[in-house]
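In case you want the letters, here they are:
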Amino acid sequence: IHHNMLGSGSIARISPSLSALLRRREHWSLSSSFLKDFGGMTGFVPFACPVYDSVSGVALVDETMSPPIKIVRYGSTDPIDTKYVSDAILRATSLREKLSSQ
């Protein structure tokens, strides 16, 4: 578990150009060209923009994924805890088992 999942207080200060892209809350995946905006942080990374107060949220940053950045929440930088992740995995596994038995 990366420290950002547990709410270390680190918030990525994203650039105004990325903030402009995220203002409409339509983008849920970002390419590797935006990794620099997250300052080398990985895991569940809260983000905010110093220019646009309305742009904030949490991204899952993992260079082994494609694309490497997934926006998992807009509007709140509250950390995503291990219970949330565990419950999500259990729900996904249950659904996958259900679908595979059909």
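First things first, this report covers the structure right here in the doc. Not measured: the values here are computed from a predicted model.

Focus on the side chain of Asp37
On the secondary structure map, Asp37 appears in the loop between β2 (29-30) and β3 (43-48). The side chain of Asp37 sits in the buried core without any salt bridge; Lys36 is the nearest counter-charge, 4.2 Å away. Reaching out from Asp37, the side chain makes a polar contact with the side chain of Ser15 at a distance of 2.8 Å.

Notes on the nonpolar core
Membership of the largest hydrophobic core comes to 18 residues, with the highest contact counts inside it found for Ile14, Leu22, Phe38, Phe47 and Ile69. Mapped by element, the contributors of at least two residues to this core are α1 (16-22), β3, β4 (56-61) and β5 (69-74). Tallying contributions element by element places β5 first for this core, with 3 residues. If sequence neighbours within four positions are ignored, Phe38 has contacts with Ala12, Ile14, Leu18, Val45, Phe47, Ala59, Val61 and Ile69.

The rules behind these values
Residue positions are given per chain, counting from 1 as you read along its sequence in written order. For a predicted model such as this one, the threshold for reporting local features is a pLDDT of at least 70, and the threshold for listing and counting side-chain atom pairs is 80 or more; totals across whole chains, interfaces and linings nevertheless cover every residue. Side-chain figures throughout are based on the complete set of non-hydrogen atoms in the structure, without hydrogens or water. A run of H or I in DSSP counts as a helix once it spans at least four residues, and a run of E counts as a strand once it spans at least two, with each numbered from the N terminus. When accessible area is computed with a 1.4 Å probe and restricted to protein chains, residues below 20% of their type maximum are described as buried, those above 50% as exposed, and intermediate ones as partly exposed. The convention is simple: Lys and Arg are positive, Asp and Glu are negative, and His and the chain ends are not counted. Basic side-chain nitrogens of Lys or Arg form a salt bridge, by our definition, when they fall within 4 Å of a carboxyl oxygen of Asp or Glu. Each polar contact in these results corresponds to two N or O atoms within 3.5 Å; when the atoms are within protein, one needs to be able to donate a hydrogen and the other to accept it, and residues that are neighboring in sequence are counted only if both atoms are side-chain atoms. Take the buried residues of types Ala, Val, Leu, Ile, Met, Phe, Trp, Tyr and Cys, join any two whose side-chain atoms come within 4.5 Å, and each joined set is a nonpolar core. The contact rule is simple, with two residues in contact once any of their heavy atoms fall within 4.5 Å.

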